[in-house]
Amino acid sequence: MNPKRLAQRPAVLLAAVILGVGLASALLSEPELPGVARDPMPAVDGLTFVDHRTADAPQEVDLIPDPGELLFVYFGYLSCPDVCPMTMSDIAQARDAVGPALAARTRVAFVTVDPQRDGPDRLRSYLSHFFDDDYHALIPVDEAALAAAADRLGVRYEIEAHEPGDERYDVLHSALTYVVDDRGHLVRELPFGATPDDYARLIRALLP
């Protein structure tokens, strides 16, 4: 992943799963590997976020992993009671299963769709429960940057209308994990419900 070249509720769970399944069903299925692939594969070049992985050095980055690596990109929010933490846990278990060599070539980027509540400190604290220092805690540069990424990748999210200062609101979001290779291509998408074994099989297949 490179610096930019300048630099709850059951109803929410059901809606998130429906959004993910609905989008996944429109994609081309390849039964030999978990998940689905689009034809043509979207590219992530030009999509940038601010990475708050370290407290003292936030950095604007793109979504292209370093050579020989895979990036698992997930759009969610920290108040999510089930889908988001379960997905992070599944990826963490898969990385353990494939062993340290492949795990070192697999990183996770969590993009919050709820920056009003999900500040840098909360993002780091949340992700540190699942990963060591091999994650990217991403906050959109602005609403336009998030909208551009959502449009390019097919991310769906909706924030419940609320009064300024009110932090009690729901968020709906598509429950997909986007797998990006070192060419910047979105090579696979896994819906909520993919198992740690599914993630592990994909890592082994894409990182020979």
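Bear in mind the structure is a predicted one, so any value in this text is a computation, not a measurement.

## Notes on the overall build of the chain
The number of helices and strands found in the chain is six helices and 11 strands. With 208 residues in all, the chain has 50% of them scored as buried. Total accessible area computed for the chain in this model is approximately 9,600 Å², and 54% of it derives from carbon and sulfur atoms.

## Digging into the packing of aromatic side chains
For the coordinates displayed, the defined rule picks out seven aromatic pairs. Seen in terms of ring centroids, Phe130 and Phe131 are 6.2 Å apart; in terms of plane orientation they differ by 50°. Their pairing is tilted. Residue class for Phe131 comes out buried when judged on its relative accessible area of 3%. An aromatic cluster is present here, built from Tyr74, Phe110, Tyr126, Phe130 and Phe131 joined pairwise through their rings. Above the plane of the ring of Tyr169 lies Arg117, whose end atom (NZ or CZ) is 3.8 Å from the centre.

## Overview of helix H6 (residues 196-206)
Three or more residues of H6 are buried, namely Asp198, Tyr199, Ala200, Leu202 and Ile203. Here the buried face of H6 lies against strand E5 (70-76), helix H2 (83-98), helix H3 (100-103), strand E6 (106-112), strand E10 (176-180) and strand E11 (186-191).

## Concerning the pattern of salt bridges
Under the counting rule described, the total for this entry stands at eight salt bridges. Where Asp114 meets Arg117, a salt bridge forms, and the shortest distance between an N and an O atom there is 2.6 Å. On the basis of relative accessibility, which here comes to 10%, the residue Arg117 falls in the buried class.

## Considerations on the pairing of E5
In terms of residue burial, E5 counts as a mostly covered element, since seven of its seven residues are buried. What you see with E5 is no split at all: Leu70, Phe72, Tyr74 and Gly76 on one side and Leu71, Val73 and Phe75 on the other are buried throughout. Pairing of E5 with E6, which is carried by seven bridges, proceeds in the parallel orientation. Among the inter-strand pairings, Leu71 is bridged to a residue of E6, identified as Arg107.

## Regarding unusual backbone geometry
Look at the link from Asp39 to Pro40: it is a cis peptide, with omega at 5°. By the element assignment, Pro40 lies in the loop between strand E2 (36-37) and strand E3 (48-51).

## Concerning the packing of H2 against H6
The N-to-C vectors of H2 and H6 enclose an angle of 50°; their axes lie 8 Å apart at closest approach. Comparing their axes, H6 and H2 come out oblique. Both H2 and H6 take part in a crossing whose hand is right-handed. Residue-level inspection shows Thr87, Asp90, Ile91, Gln93, Ala94, Ala97 and Val98 of H2 in contact with H6, the latter providing Pro196, Tyr199, Ala200, Ile203 and Arg204. Its residues placed into classes, the contact of H2 with H6 shows eight nonpolar, two polar and two charged.

Cut-offs applied
Residues numbered from 1 in each chain as written. Predicted model: local features only at pLDDT ≥ 70, side-chain atom pairs only at ≥ 80, totals over all residues. Heavy atoms only, no water. Helix = DSSP H or I, 4+ residues; strand = E, 2+ residues; numbered from the N terminus. Buried < 20%, exposed > 50% of the residue type's maximum accessible area, 1.4 Å probe, protein only. Areas by Shrake-Rupley, 256 points an atom, 1.4 Å probe, with all protein chains shown as cover. Phe/Tyr/Trp six-rings, centres within 6.5 Å; stacked < 30°, edge-to-face > 60°. Lys NZ or Arg CZ within 6 Å of the ring centre and 35° of its normal. Contact = heavy atoms within 4.5 Å. Salt bridge = Lys/Arg side-chain N within 4 Å of Asp/Glu carboxyl O. Pairing = 2+ DSSP bridges. Axes fitted to C-alpha atoms, helices over the stretch in contact; angles between N-to-C directions. Parallel < 35°, antiparallel > 145°, perpendicular 65-115°, else oblique. Left-handed = near helix turned anticlockwise from the far one by under 90°. Nonpolar A, V, L, I, M, F, W, Y, C, P; charged D, E, K, R; others polar.

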